[in-house]
Amino acid sequence: MTYFADLTSRQVAALASAERVPVLLLPLGAIEPHGPHAPLGTDPLISRGMCERAASRLAADDDVHVLVLPEVPYGVTRFAAGFAGGIHIGEETLHSLLVDIGAALIGQRLRRILLVNNHFEPAHLVTLRRAVETLNFAYDGRVALLDLVRRRHAQRLTSEFRSGECHAGRYETSLVLADRPELVDQALMRTLPHVPVSLAAAPSDGGFLAMGMSDAYCGAPAEATAAEGEQTFSTLTDLLVEAIRELARE
């Protein structure tokens, strides 16, 4: 089985003593505007797609048993202020939620948890890293974050991702086209001009409007393709499988 929530209580109880090391994946993101063309749930959609692909790739693995937890789709998203659809939760709320989830699993001897995130607002990332530290030091977990903005990961992704012009641009829109093309207004997408705004240089107290993202996107969504999305998903899955194996060895 792929999904943790599909297991029975007895099946979960058996995981900790099984021969294969259980690694639980927690997809994360934020519900926020992604231009006029892409869905609010773009970030958790990408995280879930990565997790499902990694679990499928490792389904017959002799060493690890990968299970996908129900996603946490809400995050710190102050940048989206002023646009309809953004659902922001504060840093302490997110931290408490992740720590409670992790502590509940660690208490059942399911210590290896990997956070899989595709929402890159700086305050959100800081909170995820802090939650990992809390779970590892206060609860003796084996918890990790696949941090895609780290240079060693980012250098394997697309040029638009590396530039920081990737909020609902070619990078993210291609990934949605690969997984849920019906959620993208493709006719509108093809009319959208390139917006040269890099989130990598965004001020911590900024926002999409203040940065010049008048339609809540940057980059070049008109250039997005499902083929690029599939290729990027393959690379993201490679990164995730590597992180899973590293965590399983701890």
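These lines cover the structure that appears in this document, whether it is placed above or below. Predicted, not measured: the structure shown is a model, and the values here were computed from it.

Now for the nonpolar core. Core analysis: the biggest nonpolar cluster contains 31 residues, and Leu 25, Met 50, Leu 114, Leu 236, Leu 240 and Ile 244 have the highest contact counts within it. Looking at this core, the elements with two or more residues in it are β1 (21–28), α2 (42–57), β2 (64–68), β3 (112–117), α7 (170–179) and α10 (226–249). Broken down by element, this core gets its largest block of residues, 9 residues, from α10. For Leu 25, the contacting residues outside a window of four places in its chain are Cys 51, Val 66, Leu 67, Val 68, Leu 69, Leu 114, Val 116, Leu 240 and Ile 244. Listed in part, the 26 residues of the second largest apolar core include Leu 26, Val 72, Val 76 and Val 143.

Turning to the packing of α2 against α7, a few remarks are in order. For any two helices packed against each other, the geometry is given by the interaxial angle and the distance between the axes. One can describe the packing of α2 onto α7 by two numbers: an axis separation of 10 Å at closest approach and a directional angle of 60°. Here α2 lies oblique to α7, going by the angle between them. Here α2 runs over α7; the crossing is left-handed. In this structure, α2 contributes Thr 42, Asp 43, Leu 45, Ile 46, Gly 49 and Arg 53 to the contact, and α7 contributes Glu 172, Leu 175, Val 176 and Asp 179. For the contact of α2 with α7, the residue count by class is 4 nonpolar, 2 polar and 4 charged.

The next thing to look at is the side chain of His 167. Following the sequence through the fold, His 167 ends up in the loop between α6 (159–163) and α7. Polar side-chain contacts of His 167 include one of 2.9 Å to the backbone oxygen of Pro 33. Beyond its immediate sequence surroundings of up to four residues, His 167 is in contact with Glu 32, Pro 33, His 34, Glu 172, Leu 199, Phe 208, Met 213, Ala 216, Tyr 217 and Cys 218.

The subject of this paragraph is the sheet that holds β3. The 4 strands lie next to each other as β2-β1-β3-β4, forming an open sheet whose pairing is parallel. Lying at the two open borders of the sheet, with one neighbouring strand each, are β2 and β4 (142–146). Each adjacent strand pair in this sheet contributes to an overall mean axis angle of 25°, direction not counted. Both β3 and β4 contribute to a ladder of 5 bridges, which runs parallel. From the neighbouring strand, Leu 115 faces β4, where its bridge partner is Leu 145. Against the sheet, α10 makes contact with β1, β2, β3 and β4, and its axis sits at roughly 160° relative to β3, the strand it touches most.

A word on the pattern of salt bridges. Per the stated rule, a full pass over the model turns up 15 salt bridges. As a salt-bridge pair, Asp 140 and Arg 142 come within 3.3 Å of each other at their nearest N and O atoms. By relative accessible area, Arg 142 is classed as partly exposed at 26%. For Arg 170, the salt bridge is made with Glu 228, and the minimal N-O distance between the two is 2.6 Å. Of this pair, Arg 170 sits in helix α7 while Glu 228 is found in helix α10, placing the two residues 58 residues apart along the sequence. Several salt bridges share partner residues, and in doing so they unite Arg 53, Asp 179 and Glu 230 into one network.

This part is about helix α4 (residues 122–138). Compared with the 24 Å implied by 1.5 Å per residue over 17 residues, the 24 Å span of α4 between its first and last C-alpha is a close match. Those residues of α4 that fall on the buried side of the exposure criterion are His 124, Leu 125, Thr 127, Leu 128, Ala 131, Val 132 and Leu 135. For α4, the buried positions fall inside an angular range of 160° around the axis, keeping them on one side. Opposite the buried face of α4, at more than 90 degrees from it, the exposed residues are Phe 137 and Ala 138. For α4, the secondary structure elements touched by its buried residues are β1, α3 (91–106), β3 and β4. Positive backbone phi, approximately 60°, marks Asp 140, located one or two places after α4.

What counts, and where the lines are drawn
Residues numbered from 1 in each chain as written. Predicted model: local features only at pLDDT ≥ 70, side-chain atom pairs only at ≥ 80, totals over all residues. Heavy atoms only, no water. Core = buried A, V, L, I, M, F, W, Y, C linked by side-chain atoms within 4.5 Å. Buried < 20%, exposed > 50% of the residue type's maximum accessible area, 1.4 Å probe, protein only. Helix = DSSP H or I, 4+ residues; strand = E, 2+ residues; numbered from the N terminus. Contact = heavy atoms within 4.5 Å. Axes fitted to C-alpha atoms, helices over the stretch in contact; angles between N-to-C directions. Parallel < 35°, antiparallel > 145°, perpendicular 65-115°, else oblique. Left-handed = near helix turned anticlockwise from the far one by under 90°. Nonpolar A, V, L, I, M, F, W, Y, C, P; charged D, E, K, R; others polar. Polar contact = N/O pair within 3.5 Å; in protein donor to acceptor, adjacent residues only side chain to side chain. Pairing = 2+ DSSP bridges. Salt bridge = Lys/Arg side-chain N within 4 Å of Asp/Glu carboxyl O. Expected span 1.5 Å × (residues − 1). Arc of directions from axis to C-beta.

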